[in-house]
Amino acid sequence: MKNVLLSLLAAGLLSGAALAAPIKLQTIPVTLEPSARLLTLNDAGIAKAFPSAAGRPDAVFLTEDRRVSVAFEWRDARLTPAQVPDLVTQFPAVIRAQVPNIKTLRANAVQIGGQPWAQFVFTTPGQGDDLRRELLMTSAQGRLLVVTIVGNVKDYSRNEALIRNMTNSVRVG
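Residues numbered from 1 in each chain as written. Predicted model: local features only at pLDDT ≥ 70, side-chain atom pairs only at ≥ 80, totals over all residues. Heavy atoms only, no water.

(A) How the structure looks around the environment of Thr148. Relative to the elements of secondary structure, Thr148 occurs in strand β10 (residues 143-152). Beyond its immediate chain neighbours, meaning those up to four positions away, Thr148 contacts Ser69, Val70, Ala71, Glu134 and Leu135. (Helix = DSSP H or I, 4+ residues; strand = E, 2+ residues; numbered from the N terminus. Contact = heavy atoms within 4.5 Å.)

Okay, structure coming up:
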């Protein structure tokens, strides 16, 4: 992932998100407050980083050290706000079935922007440090919205305040 991000930067496919005012993401019903310390991957950068159209995120942000990514994907799967808490109990089995070598897995129900979200944080072995992944899932206009945060444990820890400020600013609608 590091090599892909460095080549995207060199190709000019990243831009700074220096705006302080909330922005609405183009293709999904989300508004958030970006930070000058977050870079935004443009459409060409997203296509290069995620060559397969299946599962390609709608928006991707990177920490300025390019070590942690935050991707937004609005899926066609149906999900109502009342079903979000069910994900907390049902989805860990899906994660365990699809992701090999899980070391830790936590599932919680959280509130972000006054809306219920299912949160899954899991780690897998990595080179020199464990890989940390976090999935935040909620209902957006009756569809599944997934926010995926990926980085090594140490890199995430260094960038945690920045990532939490961004995710806590997310408003669906």
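(B) Focus on the sheet that holds strand β2 (residues 23-24). The strand order across the open sheet built from 3 strands is β2-β3-β11, with neighbouring strands paired in antiparallel fashion. Across the chains shown, the open sheet's two edge strands, defined by having one partner strand only, are β2 and β11 (171-172). Where β2 meets strand β3 (residues 30-32), 2 bridges bridge the pair, whose relative direction is antiparallel. Note that in β3 the partner of Lys24 across the bridge is Thr31. (Pairing = 2+ DSSP bridges.)

(C) Summary view of the pairing of β10. With 8 of its 10 residues buried, β10 lies for the most part within the structure. Pairing between strand β6 (residues 69-78) and β10: 7 bridges, direction antiparallel. Pairing of Ala71 across the sheet is with Thr148, part of β10. Of the pairings in the sheet, the one linking strand β9 (residues 131-140) to β10 comprises 10 bridges and is antiparallel in character. If you follow Leu136 over to β10, its bridge partner there is Val147. Connecting β9 to the next strand, β10, in antiparallel fashion are 2 residues, including Gln141 with a positive phi near 55°. (Buried < 20%, exposed > 50% of the residue type's maximum accessible area, 1.4 Å probe, protein only.)

(D) Quick peek at the pattern of salt bridges. Taken as a whole, this structure holds 7 salt bridges when the rule is applied. As a salt-bridge pair, Lys103 and Asp130 come within 2.9 Å of each other at their nearest N and O atoms. Taken together, the residues Lys103 in the loop between α3 (84-98) and β7 (104-112) and Asp130 in the loop between β8 (115-124) and β9 connect sequence positions 27 residues apart. We note a salt bridge from Arg132 to Glu134, for which the minimum N-O separation is 2.9 Å. In this pair, the class of Arg132 matches that of Glu134, namely buried. If you follow the salt bridges from partner to partner, you end up with Arg132, Glu134 and Arg164 in one network. (Salt bridge = Lys/Arg side-chain N within 4 Å of Asp/Glu carboxyl O.)

(E) Molecular detail of the pairing of β9. Across the 10 residues that make up β9, a large majority, 8, are buried. Inspection of the sheet shows β8 paired to β9 by 7 bridges, in the antiparallel sense. Bridging from a neighbouring strand, Phe122 pairs with Arg133 of β9. In textbook terms, the turn of a hairpin is the stretch between consecutive antiparallel strands, and for β8 and β9 this stretch comprises 6 residues, one of which, Gly128, has a positive phi near 85°.

(F) Representation of the nonpolar core within the structure. Core analysis: the largest hydrophobic core is formed by 23 residues, its most contacted members being Leu25, Val30, Leu32, Phe61, Val70, Phe72 and Ile149. At the level of secondary structure, the elements contributing two or more residues to this core comprise β3, β5 (59-63), β6, β9, β10 and α4 (153-168). Broken down by element, this core gets its largest block of residues, 4 residues, from α4. Beyond its immediate sequence surroundings of up to four residues, Ile149 is in contact with Val68, Ser69, Val70, Arg132, Arg133, Glu134, Leu136, Tyr156, Ile163, Arg164 and Thr167. Core analysis: the second largest hydrophobic core is formed by 16 residues, Leu79, Phe91, Phe120 and Leu144 among them. (Core = buried A, V, L, I, M, F, W, Y, C linked by side-chain atoms within 4.5 Å.)

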